[in-house]
Amino acid sequence: MKLLRTILLRLISTAITLFGVAVIVFVVVRVVPGNPIAMMLPPGATDADILRLETQYGLDKSILQQFLIWFFDVLKGDFGTSITTRQPVSGLVLGRLPATLELSIVALGIAVALGGALALAGTRFRDGKAEGAIDVTSGIALSVPDFLWGLVLILLFGVLWPVFHISGRISPSLDIDFTTNFYLFESIVRLRFDVFSDLIAHMLMPALALAIPLAAIISQLLKQSLKETMHLDYVALARTKGYSETHVIVHEALPNAILPTLTLVGVQFTFLIGGTVIIERLFSYEGLGNMAIDAVINRDLPLIQGIVILFAVLFTMVNLFVDMLYVVLNPRLRNA
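Note that the coordinates shown come from a computational prediction; the quantities given were computed from them, not determined experimentally.

1. Describing the pattern of salt bridges
Using the criterion set out here, one finds 10 salt bridges in the structure. Salt-bridge contacts for Glu102 lead to Arg169; the nearest nitrogen and oxygen are separated by 3.0 Å. Placement of the pair is Glu102 in helix 5 (residues 89–124) and Arg169 in the loop between helix 7 (146–160) and helix 8 (183–189), with a sequence separation of 67 residues. Pair check on accessibility: Glu102 and Arg169 agree, each one buried. Its salt-bridge partner being Arg239, residue Glu245 comes within 3.2 Å of it at the nearest N-O pair. What emerges from the salt-bridge pattern is a single network uniting Glu131, Asp135, Lys223 and Lys227.

Here you go:
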């Protein structure tokens, strides 16, 4: 019962958070200077034309009325109509979401692989020059933001040594008729490995730019956790049995040391999704982040609101999952 109560409290807290985000987003996009309706109309449009569109989009009502209409429509899954494309926002947002999710998941996989390898190598060769080199590498990776890594990768692999694509999501010649927008998944299911390799070639640079700082965080935390675990009695006992140091690290210390890192990865995944906004723009990747910047430039209020709400739902759902994982792994938190 305590576990159910804890889960219920987390769900209520999540719902309150999402409502707060909805209020903030709605207010902020309306206090920004500029008239989006005027931007839609050609030069010479009359006041009657502006009034007609304001009525069509409900902008002639009070702020409270606009919010209530918009909020209850959102609860029904209706995010309104995009001002610039005149298409339903829900369709536009959900159409780009798979691209951003695929990019984030690939970036997370790279970060875990790089960070884990650095942590294991730093632990295996601790108290030596190799550990110092790994610490310096991690420090540099962490101190440079992801968008600067993106610029470095574009210069290296797009200009000096152009072996990877640095723009777009897929080559136009391979743009097959996908059933879903999960291109990577669908190319595997269809056994179209030529399409899969092309998608990876387009995705690798933006994913790497996102992954490098996160890999440094994972490396530092996991290495510290491994060092603490290596001094425990059961690890010393494994050494007395004659196991190699690599075996002791991987099979004895790692299973316990990895738990704090797993929870960190869950939290950092939300920041990774947020980082896609700039990276997608930098690499002209057709995801949700790129669409968000276009929506802000065009002052497309319904589209901005829809994208931010979707990002907020993603963040809160991931955080909720991490919270639940904490509760399941640590029974003491069930009484918190």
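2. Some words on helix 6 (residues 129–143)
Since the α-helix turns once every 3.6 residues, residues separated by three or four places project in the same direction. The end-to-end C-alpha distance of helix 6, which contains 15 residues, comes to 21 Å, matching closely the 21 Å that a straight helix rising 1.5 Å per residue would cover. Each element contacted by the buried residues of helix 6 is listed here: helix 5, helix 7 and helix 9 (193–229).

3. Some thoughts on the packing of aromatic side chains
One pass over the structure, following the stated rule, counts 11 aromatic pairs. With 5.3 Å between their ring centres and 70° between their planes, Phe26 and Phe67 make a pair best called edge-to-face. With Phe26 in helix 1 (residues 2–31) and Phe67 in helix 4 (residues 63–75), the pair connects residues that are 41 residues apart, well separated along the chain. The exposure class assigned to Phe26 is buried, which follows from its relative accessible area of 1%. Consider the rings of Phe67 and Phe71, whose centres lie 5.6 Å apart with planes at 20°: the pair is stacked. Of the two residues, Phe67 and Phe71 are both situated in helix 4; the distance of 4 residues between them amounts to about one turn of the helix.

4. Quick look at a nonpolar patch on the surface
Taken together, the side chains of Val152, Leu155, Leu156, Val159, Leu160, Trp161 and Val163 present a nonpolar region at the surface, about 690 Å² in accessible area. Residue placement: Val152 occurs in helix 7. The exposure class of Val152 is partly exposed, given its relative accessible area of 36%.

5. Points about the environment of Phe182
By the secondary structure assignment, Phe182 is in the loop between helix 7 and helix 8. The sequence separation of Phe182 and Ala201 amounts to 19 residues, and the corresponding C-alpha distance is 16 Å.

6. Overview of the nonpolar core
Trp70, Val93, Leu272, Leu288, Leu303 and Ile307 are the most contacted members of the largest nonpolar core, which has 64 residues in total. At 13 residues, the largest contribution of residues to this core is made by helix 9. Among residues more than four places away in sequence, those in contact with Leu288 are Val93, Arg96, Leu97, Thr100, Glu280, Ile307, Leu310 and Phe311. By size, the runner-up hydrophobic cluster in this structure holds 11 residues, among which are Leu222, Leu226, Ala253 and Ala257.

7. A few points about the layout of surface pockets
Gaps left between atoms are located by rolling a probe of water-molecule size over the structure's atoms. A volume near 410 Å³ is recorded for the largest pocket. Lining the largest pocket are 18 residues, and of these Tyr57, Gly58, Ile69, Trp70 and Gly80 sit closest to its centre. Counting residues per element, the ones that place at least two in the lining of the largest pocket are helix 4 and helix 13 (301–329). For the lining of the largest pocket, the per-class residue count stands at 8 nonpolar, 6 polar and 4 charged. Of the pockets and cavities examined, the second largest pocket occupies roughly 190 Å³. Taken together, Ala15, Leu18, Phe19, Ala22, Trp70, Phe71, Val74, Leu75, Gly77, Phe79, Ile309 and Val313 form the lining of the second largest pocket.

8. Focus on the packing of helix 7 against helix 11 (residues 245–282)
Running from amino to carboxyl end, helix 7 crosses helix 11 at an angle of 20°, the nearest separation of the two axes being 9 Å. Comparing the axis directions of helix 7 and helix 11 gives the class roughly parallel. Crossing geometry of helix 7 relative to helix 11 is assigned as right-handed. Here Asp146, Phe147, Gly150, Leu151 and Ile154 of helix 7 lie close against helix 11, whose contacting residues are Gly275, Ile278, Ile279 and Leu282. Residues that form the contact of helix 7 with helix 11 fall into these classes: 6 nonpolar, 2 polar and 1 charged.

Quick notes on the rules
- Residues numbered from 1 in each chain as written.
- Predicted model: local features only at pLDDT ≥ 70, side-chain atom pairs only at ≥ 80, totals over all residues.
- Heavy atoms only, no water.
- Salt bridge = Lys/Arg side-chain N within 4 Å of Asp/Glu carboxyl O.
- Helix = DSSP H or I, 4+ residues; strand = E, 2+ residues; numbered from the N terminus.
- Buried < 20%, exposed > 50% of the residue type's maximum accessible area, 1.4 Å probe, protein only.
- Expected span 1.5 Å × (residues − 1).
- Contact = heavy atoms within 4.5 Å.
- Phe/Tyr/Trp six-rings, centres within 6.5 Å; stacked < 30°, edge-to-face > 60°.
- Patch = residues over 30% accessible without salt bridge, like charges linked within 9 Å, V, L, I, M, F, W, Y side chains within 5 Å.
- Areas by Shrake-Rupley, 256 points an atom, 1.4 Å probe, with all protein chains shown as cover.
- Core = buried A, V, L, I, M, F, W, Y, C linked by side-chain atoms within 4.5 Å.
- 1 Å grid on protein atoms, 1.4 Å probe; cavity = no way out; pocket = protein on both sides within 12 Å on 5 of 7 lines; lining within 4 Å.
- Points joined across faces, edges and corners; volume = space filled by probe spheres on them.
- Nonpolar A, V, L, I, M, F, W, Y, C, P; charged D, E, K, R; others polar.
- Axes fitted to C-alpha atoms, helices over the stretch in contact; angles between N-to-C directions.
- Parallel < 35°, antiparallel > 145°, perpendicular 65-115°, else oblique.
- Left-handed = near helix turned anticlockwise from the far one by under 90°.

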